[in-house]
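Read off the chains here:
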Amino acid sequence: MASRYAEVYGAWQSDPVGFWEKAAGSIDWMKPWDKAFDETAGAYGRWFVGAECNTCYNCLDRHVSRGRPGQPALIYDSPVTNTKKKYSYKKLLDHVIAMAAVMKDHGVEKGDRVLIYMPMIPEAVMAMLACARLGAVHSVVFGGFAAHELATRINDAKPKLVVSASCGIEPGRVVPYKPLLDDAIDQATHKPEACLIQQREQATAALKIGRDNDLGMLMQQALSAGRQVPCEPVAATDPLYVLYTSGTTGQPKGVVRDNGGHMVALKWTMENLYGVEPGEVFWAASDVGWVVGHSYIVYGPLLHGATTVLYEGKPVGTPDAGAFWRVISEYQVSSLFTAPTAFRAIKKEDPSAQHLQRYDVTGLRSLFLAGERADPDTIIWAEDILRVPVIDHWWQTETGWCIAGNPLGLGPLPVKRGSSTVPMPGYHIDVVDEGGQPQEAGMLGNIVVKLPLPPGCLPTLWDAEERFVDSYLSEFKGYYKTSDAGLLDEDGYLFIMSRTDDIINVAGHRLSTGAMEEALAGHQDVAECAVIGVADELKGQLPCGFVVLKDGVDRTPETIEKELIALVREQIGPVAAFKKVLVIDRLPKTRSGKILRGTMRSIADGQEYKMPATIDDPMILEEIASALNEKGFVKSS
Ligand code: COA
Ligand code: AMP
C-alpha cells in the first residue's frame, strides 16, 4: 500500500488547528470547545480551550454502552505469580467505579492529587482510571524507585491519597513496597491523609491504624454494594496526570498531561501510527510507571476500544526467553511495543530464537520500539525472526506520544535502519546549531520542535511554570528544546544520536546522572564525584561513578565503593543499576574547573578521543584509563 503520510502531513501543515479539530471528532465531549487552539493561553498556547470532557468516560463507559461490554479491555498476565485474568470493558468499568467510590470515601475530589506506587497489577490501572473519573490528578511512581525518590515526588505533588500494594515481585525475589512507602512518608514534609494498600499474598503488609486501609476489602464492599460514581466533567485543559521524569538535577520534573488534547492525540495514533483496529489486542511491554505505560498500556488502547495486555514479568527469566512469544500467541497480540533492550535480552539468551518454534505468532503484524535508540543489529534480528515490520519511533515523557516514527496505519514508509523515520503531524522538527541556526541536511545539531507543540504534549511542569520555560522554551526562541542531538538527512529522515544533557538511558529507563552524583556527594568520605553513562551491550548504557575521597580517609577504596553502590540503590532505587564505581585520585577538568565527562565516557567506551585543548592536566586521563582497565570497566572495541 502506498503511504498516505505525505498527504496527511501536508494536510496538517496547511491547517494545523483544523487537522486536530477533525481528529477530535473521535472523542466524546461533554461541552464543545470555544477555541480549538488558543495561542494566548499558557506558555505557548492551549488546546481545546473551553471544552469539557472525561477521560475515563472515553476509555470505558462509551465502549460499554456502544457495543463492547463483553470485549476484553484488560488482560492481566503475570508469570511471576502464575496468574492470568481477563477484564471485559463492563467488568473493568465496575472495578474502576468501585475504586472511585473508595477514593471518594477518602475525600478525593476534582483536582486533588493521588500518588500511585504499584507493581504491574490491575489495581494500578484501575486507580489511574478512577482518578480520571473523579477529575483527580494521578501521579504514578515506578516501583523500582526507592524511598527518597518517592518522598521527593510526594513533596512536589502533595497527594491527598496514596494507592500502593504490599509488594512487587521481581524474578526470584519479593520486593516489599510498604516499608519503602512508610520510609518515604516519614522523609516527606507533605503527609498524605490516607493510604490504600492492595495486600498481595506473597508479602502482606502491616497497616498503620488511622492512615492505611485494605484496598481489596474496600473495593469488594463497594462492588457488592453496587456503588455508583458518575464521571466528573473536567476542562479539556485540566490535568489528567503528573508524571515525574529525570531532569539534570536530583529534583525530577513533573510533566503535566491535560485531558482533552491527550485523548485526541492518543486516539489518532492508535489508528494512524500503530495501525490497530478497535477490538484488536495491543501490547505495550513496559510498566505503568513510565510514559509508555501511561499512553499505551492504559489510555491509548482503551480510548480506541482495543484490548490491552498488562504483563507482570520480564522478557527473559519468567520463565524463559520465549515469554514474549507465549503472550503474543496466547492473546493474539496484533502489535507489540517495547524497548530495544528487551529484544537484546531475548537475543542474548536465545540467539537462534529456538523458543519461537513453540508458539504461533502469525497474528502479530508489527513491532514498535522506543525508549532508546534501536540499534540496527537488534532491528535486523527482530525482523528476521518475526517477519513483521520493526519500527523504531522516538518520543519523550514530555510529549506523551511519538514525535517521529513510521506511521504504519497510513501505510509504511521505506525503513532506514538507525532512523526513527519522519515527524508525525503536529511536529515540525528542525536541527539547529548552538546559536539556533538551522543545520544543513546531514549535519548534526540540536533537535528542536517548532511551537506550538501538538495536543497531548506537556503544557507546563507541575507547579513550576518558570522551570518549564527555562528548561524547554528559552534557549531556542519559538522552539521546544528536546535535549536530543541528531540529524535530518536529505530525505527528511530523522536520526537521534545522543542526549545533550546529563540524562542517560539504562535499559530504556531515563535516569539522571546528576541525581546519582547528588547521592554520592552525600557520602561522608566523598570530596567530589562524577557519574557518566558507559556503553553496555544489553542495557544500552550503564552508570559509572568516579569519586575522589576527602583527605585523611583511611578506609579502603573497596569498602567505600560498596557503600556507594548501596547508597545509590537506597536513595534512587535498584532501577538505577548503579554497580560500577571507582575511587580515583583526581577528576579530569578544564582549566575553568569543568569536569570532562564526555572525554571520560569516550575512554570508558574504548573510543578514540581528542585531548581537550583546555584540559588542566592531561596525565589525569591516563590515570582514569588505567583505573577503568584495572576494574575491567573498559568496553573492548
Ligand atoms: N520494583 C522493584 N524493583 C525493580 C522494579 C520494580 N518495579 N523494576 C526493576 N527493578 C529492579 C530489578 O529487579 C533490578 O534489580 P537488581 O539490581 O537487584 O537485579 C534493577 O531494578 C534493574 O532492573 P531492570 O532495568 O529491569 O534490569 P533487569 O536486569 O532486571 O532486566 C531487562 C533487564 C532488559 C530484561 C529489563 O530492563 C526489561 O525488560 N526492559 C524492558 C524495557 C522497558 O520496560 N522499558 C520501559 C520503557 S519502554
Ligand atoms: P523518556 O522520557 O523516558 O521516554 O526518555 C526520552 C528519551 O529517550 C529521549 O529524549 C531520547 O534520548 C531517548 N529515546 C526515546 N526513544 C528513542 C528512540 N526511538 N531513538 C533514540 N532515542 C530515544
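Chemist: An account of the site of ligand 2 is requested, with residue identities and associated values reported.
Modeler: Of all residues adjacent to ligand 2, which total 15 residues, the nearest are D392, T397, D484, R499 and R510. A distance of 2.7 Å is found between a nitrogen atom of ligand 2 and a side-chain nitrogen or oxygen belonging to D392. Between H393 and ligand 2, the recorded distance is 2.8 Å, taken from a backbone N or O atom to a nitrogen atom. Relative to its unbound accessible area of 490 Å², ligand 2 is 93% covered by the protein chains. Taken together, the residues of the shell around ligand 2 sort by class into four nonpolar, five polar and six charged.

Chemist: Please give an account of the environment of Q439 that cites residues and values.
Modeler: On the secondary structure map, Q439 appears in the loop between β23 (429-432) and β24 (445-450). Taking the C-alpha atoms as reference, Q439 lies 8.8 Å from L488; in sequence the two are 49 residues apart. At 2.8 Å, the side chain of Q439 forms a polar contact with the backbone oxygen of L444.

Chemist: Run through the environment of G67, naming residues and quoting values.
Modeler: Note that G67 resides in the loop between α3 (55-65) and β4 (72-78). G67 sits in the exposed class, given a relative accessible area of 67%. Taking the C-alpha atoms as reference points, G67 and P423, separated by 356 residues in sequence, lie 35 Å from one another.

Chemist: Please give an account of the site of ligand 1 that cites residues and values.
Modeler: By nearness alone, 21 residues border ligand 1, and E170, R173, K539, R569 and K579 come closest of all. At 3.0 Å from an oxygen atom of ligand 1 is found a side-chain nitrogen or oxygen belonging to K314. Separating an oxygen atom of ligand 1 from a backbone N or O atom of P574 is a distance of 3.5 Å. Of the residues assigned to the shell around ligand 1, the class counts are nine nonpolar, six polar and six charged. Split by domain, the residues of the shell around ligand 1 number at least three in each of domain 1 (5-313 + 393-469) and domain 2 (503-631).

Chemist: Would you mind going over unusual backbone geometry in detail, with residue names and values included?
Modeler: Put simply, T318 and P319 share a cis peptide bond, and its omega is -5°. Mapped onto the elements of the fold, P319 is located in the loop between β17 (307-311) and α11 (323-331). In this structure, P452 follows L451 across a cis peptide bond, with omega equal to 0°. Residue position: P452 is located in the loop between β24 and α14 (465-473). Positive phi values are uncommon outside glycine, yet Q332 reaches one of about 55°. Take Q332: it is sitting in the loop between α11 and β18 (333-338). The phi dihedral of D463 is positive, around 55°, even though this residue is not glycine. Mapped onto the elements, D463 comes out in the loop between β24 and α14.

Chemist: Account for the pattern of salt bridges, naming residues and giving values.
Modeler: For the structure shown, the criterion picks out 35 salt bridges. R326 is paired through a salt bridge with D77; the nearest N and O atoms lie 2.7 Å apart. With R326 in helix α11 and D77 in strand β4, the pair connects residues that are 249 residues apart, well separated along the chain. Assigned by exposure class, R326 and D77 land together as buried. Residue K481 is joined to E475 by a salt bridge in which the shortest nitrogen-to-oxygen separation is 2.9 Å. The partly exposed category is assigned to E475, whose relative accessible area is 45%.

Chemist: Explain the packing of aromatic side chains to me, and be specific about the residues and the numbers.
Modeler: Under the counting rule described, the total for this entry stands at 35 aromatic pairs. An aromatic cluster is built from Y274, F282, Y296, F337, F368 and W395, whose rings are joined through pairwise contacts. For the cation-ring pair, K91 lies above Y87, with the distance from its terminal atom to the ring centre recorded as 5.0 Å. The positively charged end of K416 is found above the aromatic ring belonging to Y493, 4.7 Å away from the centroid.

Chemist: Tell me about the side chain of T590, and please be specific about residues and values.
Modeler: Within the secondary structure, T590 is located in the loop between β31 (580-584) and α17 (597-604). Within polar-contact distance, the side chain of T590 engages the side chain of S592 at 3.1 Å. Non-local contacts of T590, meaning those with residues more than four positions away in its chain, are made with L596, T614, I615 and D616.

Chemist: Just give me the short version of the sheet that holds strand β16 (residues 281-284), but keep the residues and values in it.
Modeler: Taken in spatial order, the seven strands of this open sheet run β5-β4-β17-β16-β18-β19-β20, and their pairing is mixed. Both outer strands of the open sheet, β5 (83-88) and β20 (390-392), are each paired with one neighbouring strand and no more. Across the sheet, the mean angle from the axis of one strand to that of its neighbour is 20°, orientation sign disregarded. Where β16 meets β17, two bridges bridge the pair, whose relative direction is parallel. Looking across to β17, one finds that V281 is bridged to T307. Each of β4, β16, β17 and β18 is contacted by helix α10 (residues 291-303), which is oriented at about 150° to β17, the strand it contacts most. Docked against the sheet, α11 engages β4, β5, β16, β17 and β18, running at close to 150° with respect to β18.

The rules behind each value
Residues numbered from 1 in each chain as written. Chains lettered and ligands numbered in written order. Predicted model: local features only at pLDDT ≥ 70, side-chain atom pairs only at ≥ 80, totals over all residues. Heavy atoms only, no water. Near = heavy atom within 4 Å. Polar contact = N/O pair within 3.5 Å; in protein donor to acceptor, adjacent residues only side chain to side chain. Areas by Shrake-Rupley, 256 points an atom, 1.4 Å probe, with all protein chains shown as cover. Nonpolar A, V, L, I, M, F, W, Y, C, P; charged D, E, K, R; others polar. Helix = DSSP H or I, 4+ residues; strand = E, 2+ residues; numbered from the N terminus. Buried < 20%, exposed > 50% of the residue type's maximum accessible area, 1.4 Å probe, protein only. Domains from an automatic or database assignment. Salt bridge = Lys/Arg side-chain N within 4 Å of Asp/Glu carboxyl O. Phe/Tyr/Trp six-rings, centres within 6.5 Å; stacked < 30°, edge-to-face > 60°. Lys NZ or Arg CZ within 6 Å of the ring centre and 35° of its normal. Contact = heavy atoms within 4.5 Å. Pairing = 2+ DSSP bridges. Axes fitted to C-alpha atoms, helices over the stretch in contact; angles between N-to-C directions.

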